[in-house]
Each structure stands twice: as structure tokens, then as C-alpha cells.
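Residue-level structural notes
Listed below are the residues making up each chain.
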Amino acid sequence: QVNHQSVYLIAALRYSIVERGMLMDAKKTGNLIAKKRKERNLSQRELAECLHITDKAISKWERGLSFPDITILIPLSEALNVSLYDLLTGGRSDE
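Residues numbered from 1 in each chain as written. Predicted model: local features only at pLDDT ≥ 70, side-chain atom pairs only at ≥ 80, totals over all residues. Heavy atoms only, no water.

1. A few points about the packing of helix H2 (residues 26–39) against helix H4 (residues 55–62)
Two elements in contact, H2 and H4, have axes whose closest approach is 7 Å; the angle formed by their N-to-C orientations is 125°. In terms of orientation, H2 and H4 fall into the oblique class. On H4, the residues touching Ala26, Gly30, Asn31, Ile33, Ala34 and Arg37 of H2 are Ile58, Trp61 and Glu62. Of the residues assigned to the contact of H2 with H4, the class counts are 5 nonpolar, 2 polar and 2 charged. (Axes fitted to C-alpha atoms, helices over the stretch in contact; angles between N-to-C directions. Helix = DSSP H or I, 4+ residues; strand = E, 2+ residues; numbered from the N terminus. Parallel < 35°, antiparallel > 145°, perpendicular 65-115°, else oblique. Contact = heavy atoms within 4.5 Å. Nonpolar A, V, L, I, M, F, W, Y, C, P; charged D, E, K, R; others polar.)

2. Some points on the nonpolar core
Leu47, Leu51, Trp61 and Leu76 are the most contacted members of the largest nonpolar core, which totals 17 residues. Elements with a minimum of two residues in this core: H2, helix H3 (44–51), H4, helix H5 (73–80) and helix H6 (84–89). Top element by residues in this core is H5. It accounts for 5 residues. Those residues within four positions of Leu76 in sequence are excluded, and the remaining contacts are Ile33, Leu47, Leu51, Trp61, Pro68 and Leu87. (Core = buried A, V, L, I, M, F, W, Y, C linked by side-chain atoms within 4.5 Å. Buried < 20%, exposed > 50% of the residue type's maximum accessible area, 1.4 Å probe, protein only.)

3. Comments concerning the pattern of salt bridges
Within this structure, the stated rule accounts for 3 salt bridges. Here Lys36 makes a salt bridge to Glu39, at a shortest N to O gap of 3.4 Å. Linking Lys36 with Glu39, this pair stays in helix H2, spanning 3 residues, or about one helical turn. (Salt bridge = Lys/Arg side-chain N within 4 Å of Asp/Glu carboxyl O.)

Pasting the structure below:
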């Protein structure tokens, strides 16, 4: 369950990224989600079940057609073992 404080934190992080001129790129984020999901040997369906969403949503993210909803970012980052920053920017903060 995501609390309001977490949603505000994510919104502030997203705003900070946009303010720095770093546009959120759906393709890059989708590629990162697909890469991390495969590294964890999860199918789209398995990841979707873990997040209580449809595998079609996962497919749309991975194809760069949409972004994950703000309320799903924390569970998604935990499931994929990736930072919120990386999810929002589509990149690796340690590279």
C-alpha cells in the first residue's frame, strides 16, 4: 500500500528531474523495465501479478507507450531492484 507521503516524494522527485531539463523518456524507461524484469527472470505476467496489475500494462511500459502510474512506482522499483530515480529517468544512477 502506497501512502500519501510516498506519492508526494515521488512527485517531488519527478518535478526535480523535469526542472533540471531531463525529460522523461518513455522508451528509455520501458527499456530499463524490460531489462531489469528479464534479469530477474520474470515474465510480464509474473511482474504484473506481483504488482496487482495487468500484463498489458507492463507491455505498454516496455514498448514506451505509457509510464507506470505514480502509485505503482515504489512497488515496481522494489520488484525490479532499481532506484526511483532510474525508473523516472530510464537510466542508471551508478553508471
